[in-house]
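Residue strings, one per chain:
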Amino acid sequence: MSRTPRALAAMALTAAAGLVVSAPPAHAAPKFTPGAPGAGDPYFPDMGNGGYDVAHYDVALRYLGNAKGIRAVTRVKARATKNLSRFNLDLLGPLKVHSITVNGAKAGFRRTGAQELVITPRKGLPRGKAFSVTVTYSGLPKKVEDAALGVSGWIPTDDGAVALNQPFGTATWMPVNDTPADKATYNIALTVPKALTALSNGDFAGKRTAGAWSTWWWKMPRPMASELAMVAIGKYNVKRGKTPKGVPNITAIDPTLDTAPGQGAAFHKLTADVTDWGSKVFGRYPFGSTGGIVDALGVGYALETQGRPVYDRKGRPGVNPSSGLVAHEIGHQWFGNSVTPRYWKDIWLNEGFATYTEWLHSEQHGGDSAQKTFDEVYATPATEDLWTVKVSDPGRDGIYAHAVYDRGAMTLHVLRKTIGDKKFFQLLRSWYAQNRDGNVTTRDFVRHSKRFGDDDKLDTLFKKWLHTPSKPA
Ligand SMILES: [Zn+2]
C-alpha cells in the first residue's frame, strides 16, 4: 500500500481555503475524471495505474490443466485517491474477461494497448472512498518472454504450472495494479486436481477436497508488491515444520529433482537456518512463514517470491540450491520484499542487499570474508559492464545487470568500511525497522546512511559507487 497523508492533507487545506475565498455553488457536481493508465515508472510506463490505492486482493483460481488453462475470480479492494470516472487494472495476454462489477454493480470494460483493462463503473468513485472490483475471467495464461529480461508470468511445467512475476507477469494470470509502489495484502485460493499440490505466498490457511478437486487456501497478510506474488501447482514432496526460532517453514521439491537421500530434509533445514540467521543480523523475520520451492522450470533463475522463494533447478536432480543462493533469496525477504523500491531503477536496493546478504552469510559461516569477495569482484577489468553500468539507474533492459548485484553489494561493503561494523549493522537494522512493509528510493537510503557517518564523505562514496559509470579508484 502506498501512503497518502501529506498530499491529501495539503489538498484538504487548499479546499478549505478555497471555500472561504470562492465557495463553489452548492449544486456544482464534483468533477470525475479517468485514472492514469500507468503508475509513473519511467522504465515501465504501462505498468500499474493511477487514481486509486489497492488494499487487498482475493484470488480464487481453478487450474484446469495446461491444455485448458484457468477459470478465476479476482476481487480487488481499493480506495480512490481522486474522483474517478473510470480506472484501469493491468491484464496481459489472451485471458478472456467475462464480467466485472464495481461495488456489486455491473461495470463497463474494454481492453486497450498491451495490458490495460479499462473499467467504467456505473457511478463515479469519490476520492477517499473505498470500492471493490470483481473480475471474472478464464483462458490460457501466456507467459511473457522479454528479449532483455527473460521469462516471467504463468509458466507451464511437466506436472502443473508456476507463476513467477518479476518484473511483470502477475498480470498474465490476474487483473492487478502491477506496480511495486502499490503494495497490498493477498488471499489466494487455488483449486486443482486432487492429485496435485498448490502452493502460494505466505501462510497456509487450509485445504478441502470435494470430488476430484482440492482447494488450497494461502494468505499473505502483510503488504506485498505484485511482482512477488507466486503460484506453484504440481507434484511436490512437501515438508512442514518450524525454524528453531519458531517461524513456520514450508518447503517443497519436485519429486523428479528430489532424488538424493536426505535432500528434502537438508533443504528444509538450510531454509530454516538462514531465516533465523537473517532475523539475528537484520531484525525479526518480516513475514508469518518462510520456506522454498524447488521445481524444474527452465527459466534459469530463482526468485524471492514473498515468504517462499522459488528455485529453478531444471536439469539438476539430486542437488539442492547452494547456501549462497538460499541466503540471497531469504535475504530479499527483508530487502526488496518488506522494504521495496518504489521505482524499478532503484532495484540495487533489492539486489545489492541480497548479494551482500550472501557475502555476510559466507563470512559468518566459515566461508570467504566479505572483504575477500569484494577484492575478487574488484579485480574485474574496468572495461566490463560491472563498471560501465550506472548502478542507481541501469536502464530498463539493465535491471538485472551484473552491476546492480555485485556493485550494489560492493557499495554496501565500502559503506561498512567507512563507518565501521557497529554503525553499519545498526544502519542495516534501522533501515529495515523504519521502512518495513513500505516503499523506498535510493535518495531515502542515502539520507538514512548520513545519520551514521560524515555527510561529505558519504556523498563522495555514493557518487562514486552508485551514480558514476566507471571503476572507482
Ligand atoms: Zn535477487
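Residues numbered from 1 in each chain as written. Predicted model: local features only at pLDDT ≥ 70, side-chain atom pairs only at ≥ 80, totals over all residues. Heavy atoms only, no water.

Details of the sheet that holds strand β11 (residues 160-164)
Phase 1: Strand order in the open sheet formed by five strands is β9-β10-β11-β16-β13, with antiparallel pairing between adjacent strands. Looking at which strands have only one partner, the edges of the open sheet turn out to be β9 (144-146) and β13 (197-200). When strand polarity is set aside, the average angle formed by the axes of neighbouring strands in this sheet is 20°.
Phase 2: Pairing geometry for β9 and strand β10 (residues 150-157), over three bridges, is antiparallel. When the sheet's bridge partners are listed, Asp 146 is paired in β10 with Gly 150. (Pairing = 2+ DSSP bridges. Helix = DSSP H or I, 4+ residues; strand = E, 2+ residues; numbered from the N terminus. Axes fitted to C-alpha atoms, helices over the stretch in contact; angles between N-to-C directions.)

Quick word on helix α2 (residues 263-282)
Phase 1: With 20 residues, α2 should reach 28 Å at 1.5 Å per residue; the first-to-last C-alpha distance of 28 Å fits that figure.
Phase 2: Counted residue by residue, α2 has 14 buried out of 20 residues, so it is predominantly covered.
Phase 3: Following α2 by one or two positions, Gly 283 has its phi on the positive side, about 120°. (Expected span 1.5 Å × (residues − 1). Buried < 20%, exposed > 50% of the residue type's maximum accessible area, 1.4 Å probe, protein only.)

Considering the packing of helix α4 (residues 348-363) against helix α5 (residues 370-378)
Phase 1: At a closest axis distance of 8 Å, the pairing of α4 and α5 adopts a crossing angle of 130°. Judged by the inter-axis angle, α4 sits oblique to α5. Mapping the contact onto sequence places Tyr 356, Trp 359 and Glu 363 in α4 and Ala 370, Gln 371, Thr 373, Phe 374 and Val 377 in α5. (Parallel < 35°, antiparallel > 145°, perpendicular 65-115°, else oblique. Contact = heavy atoms within 4.5 Å.)

Things to note about the coordination of the zinc ion
Phase 1: Note on the zinc ion: its protein donors are His 328 (NE2), His 332 (NE2) and Glu 351 (OE). The metal-donor distances range over 2.0 to 2.1 Å.
Phase 2: Written as a sequence motif, the donor arrangement for the zinc ion is H-x3-H-x18-E. Of this pair, His 328 and His 332 both sit in helix α3 (residues 323-334), four residues apart, which is roughly one turn of that helix. Of the two residues examined, His 328 and His 332, each falls in the buried class. (Donors = N, O, S within 2.8 Å, 3.2 Å for Na, K, Ca; no water.)

Let's talk about the pattern of salt bridges
Phase 1: Enumeration over the complete set of coordinates arrives at 12 salt bridges.
Phase 2: A salt bridge links Lys 269 to Asp 273; the shortest N-O distance between them is 2.6 Å. One end of the pair is Lys 269 and the other is Asp 273, both in helix α2 and four residues apart, which spans about a single turn.
Phase 3: With a relative accessible area of 31%, Asp 273 lands in the partly exposed category.
Phase 4: In this structure, Lys 372 and Asp 368 form a salt bridge, with 3.4 Å as the shortest nitrogen-oxygen distance.
Phase 5: The partly exposed category is assigned to Asp 368, whose relative accessible area is 33%.
Phase 6: Bridged by salt links that share partners, the residues Asp 146, Arg 396 and Asp 397 form one connected network. (Salt bridge = Lys/Arg side-chain N within 4 Å of Asp/Glu carboxyl O.)

Re the domain arrangement of the protein
One frequent convention defines the size of an interface as the accessible area lost when the parts assemble.
Phase 1: Its domain assignment divides the protein into domain 1 (37-143 + 171-226), domain 2 (236-333) and domain 3 (340-467).
Phase 2: Centre-to-centre separation of domain 1 and domain 3, based on C-alpha positions: 34 Å.
Phase 3: Residue-level contacts link 12 residues of domain 1 with 15 residues of domain 3.
Phase 4: Linking domain 1 to domain 3 there are one salt bridge.
Phase 5: Of the charged contacts in the structure, one is a salt bridge between Asp 437 and Arg 222, with a shortest N-O distance of 2.6 Å.
Phase 6: One can count seven residue pairs in polar contact (both at pLDDT 80 or more) joining domain 1 with domain 3. (Domains from an automatic or database assignment. Polar contact = N/O pair within 3.5 Å; in protein donor to acceptor, adjacent residues only side chain to side chain.)

Looking at the packing of aromatic side chains
Phase 1: If you walk through the whole model with that rule in mind, you get 29 aromatic pairs.
Phase 2: Consider the rings of Tyr 285 and Phe 287, whose centres lie 6.0 Å apart with planes at 90°: the pair is edge-to-face.
Phase 3: Look at Tyr 285 and you get buried, because its relative accessible area is 4%.
Phase 4: Ring geometry for Tyr 285 against Trp 334: centres 5.5 Å apart, planes inclined by 75°, an arrangement best described as edge-to-face. Of this pair, Tyr 285 sits in the loop between α2 and β19 (290-295) while Trp 334 sits in helix α3, and the two are 49 residues apart along the sequence.
Phase 5: For Trp 334, a relative accessible area of 0% corresponds to the buried category.
Phase 6: Counting every residue linked through ring pairs, the aromatic cluster contains Trp 277, Phe 282, Tyr 285, Phe 287, Trp 334, Phe 335, Trp 348, Phe 353, Trp 431, Phe 445 and Phe 462.
Phase 7: Over the face of the ring belonging to Trp 213 we find Arg 62, whose NZ or CZ atom lies 4.7 Å from the ring centre. (Phe/Tyr/Trp six-rings, centres within 6.5 Å; stacked < 30°, edge-to-face > 60°. Lys NZ or Arg CZ within 6 Å of the ring centre and 35° of its normal.)

Remarks on the pairing of β10
Phase 1: Burial analysis of β10 places six of its eight residues in the buried class, the great majority of the element.
Phase 2: In textbook terms, the turn of a hairpin is the stretch between consecutive antiparallel strands, and for β9 and β10 this stretch comprises three residues.
Phase 3: Two elements, β10 and β11, share five bridges in a ladder whose sense is antiparallel. Across the sheet, residue Ile 155 finds its bridge partner in β11, namely Val 162.
Phase 4: Hairpin connection between β10 and β11: a loop of two residues separates the two successive antiparallel strands.

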